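So the chains spell out like this:
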Amino acid sequence: MSQTLGRLAAVIESRKPENGGDPATSYVARLMAKGDDAILKKIGEEATELVMAAKDARHGAGSENVLYECADLWFHSMVLLARFDLTPQQVLDELARREGLSGIDEKASRKE
Ligand SMILES: N=c1c2ncn([C@@H]3O[C@H](COP(=O)(O)OP(=O)(O)OP(=O)(O)O)[C@@H](O)[C@H]3O)c2ncn1[C@@H]1O[C@H](COP(=O)(O)O)[C@@H](O)[C@H]1O
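An unreviewed UniProt entry annotates the protein as Phosphoribosyl-ATP pyrophosphatase originating from Massilia cavernae. UniProt, in its Catalytic activity (unreviewed entry) section for the protein, records the words "1-(5-phospho-beta-D-ribosyl)-ATP + H2O = 1-(5-phospho-beta-D-ribosyl)-5'-AMP + diphosphate + H(+)". The UniProt entry for the protein carries the following text under Sequence similarities (unreviewed entry): "Belongs to the PRA-PH family."

J.: Give me the layout of surface pockets: which residues, what numbers.
T.: Over the atoms rolls a probe the size of a water molecule, and its path tells where empty space is left. Of the volumes computed, that of the largest pocket is approximately 220 Å³. Lining the largest pocket are L5, L73, W74, S77, M78, L81, P88, V91, L92 and L95. At the level of elements, helix 4 (64-83) and helix 5 (88-98) are the ones that each hand at least two residues to the lining of the largest pocket. Among the elements that take part in the lining of the largest pocket, helix 4 stands out by supplying 5 residues, more than any other.

J.: Any details on helix 1 (residues 3-14)? Residues and values, ideally.
T.: Between the first and last C-alpha of helix 1 there are 17 Å, a value that for 12 residues agrees with the 16 Å anticipated at 1.5 Å per step. For helix 1, the side-chain oxygen to backbone nitrogen distance between the N-cap and T4 is 3.2 Å, and the N-cap itself is S2.

J.: Give me the environment of M32: which residues, what numbers.
T.: Relative to the helices and strands, M32 is located in helix 2 (residues 27-34). Of the residues examined, M32 reaches a relative accessible area of 3% and is grouped as buried.

J.: Tell me about the confidence of the model for the protein, and please be specific about residues and values.
T.: Chain-level pLDDT for the protein is 94 on average; 98% of the residues reach the 70-or-more range. Scored as a complex, the prediction yields pTM 0.92 and ipTM 0.93.

J.: So, helix 6 (residues 103-111): which residues are in play, and what are the values?
T.: Counting buried positions along helix 6 yields 0 of 9 residues, so the element is predominantly exposed. Measuring from the backbone nitrogen of I104 back to the side-chain oxygen at the start of helix 6 gives 3.0 Å, which picks out S102 as the cap.

J.: Which residues make up the pattern of salt bridges, and what values go with them?
T.: A full pass over the atoms with the stated rule returns 8 salt bridges. Among the ionic pairs, E13 bridges to K16, the shortest N-O distance being 3.2 Å. On the basis of relative accessible area, K16 is assigned to the buried category, the value being 4%. A salt bridge links E94 to R98, with the shortest nitrogen-to-oxygen separation between them at 2.9 Å. Of this pair, E94 and R98 both sit in helix 5, 4 residues apart, which is roughly one turn of that helix. The network of salt bridges with common partners includes K41, K42, E45 and E46.

What counts and what doesn't
Residues numbered from 1 in each chain as written. Predicted model: local features only at pLDDT ≥ 70, side-chain atom pairs only at ≥ 80, totals over all residues. Heavy atoms only, no water. UniProt positions renumbered as here; feature names shortened; annotations may be inferred. 1 Å grid on protein atoms, 1.4 Å probe; cavity = no way out; pocket = protein on both sides within 12 Å on 5 of 7 lines; lining within 4 Å. Points joined across faces, edges and corners; volume = space filled by probe spheres on them. Helix = DSSP H or I, 4+ residues; strand = E, 2+ residues; numbered from the N terminus. Expected span 1.5 Å × (residues − 1). Polar contact = N/O pair within 3.5 Å; in protein donor to acceptor, adjacent residues only side chain to side chain. Buried < 20%, exposed > 50% of the residue type's maximum accessible area, 1.4 Å probe, protein only. pLDDT = per-residue confidence, 0-100. Salt bridge = Lys/Arg side-chain N within 4 Å of Asp/Glu carboxyl O.

Structure, rendered in structure tokens:
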């Protein structure tokens, strides 16, 4: 796994309530304390912000905003993964499993 993703996943894990995460000092602990719906709401917001940044970039605004919003979305998705005791490595493993499998072929195989 990317070392950055691995380190971030470890920090997020340490912020869980059962691991002593403190909502007074930690954004992740505060978000987790609010519950799953708050995490899902943030993911919805960040996904929308990514879409808006991409649309703005097409019209001349800085493409760096696409990077920032994508980082926000990845980060909040990692908080969600942690809530389900899943890891970024498992997502990378799933992407690796799909390597070389055309999305068009995969979709066609589902229709049979
Ligand atoms: N990568 C991030 C990261 N990316 C974004 N954010 C926060 O996610 C929030 C994004 O929300 P918005 O952009 O919508 O801004 P906002 O309006 O202030 O957010 P809300 O009021 O809606 O919560 C901001 O508060 C950002 O600071 C992050 N907060 C933390 N991390 C990582 O998580 C680690 C643990 O953080 P703490 O739990 O705060 O110690 C940090 O060391 C970082 O590595």
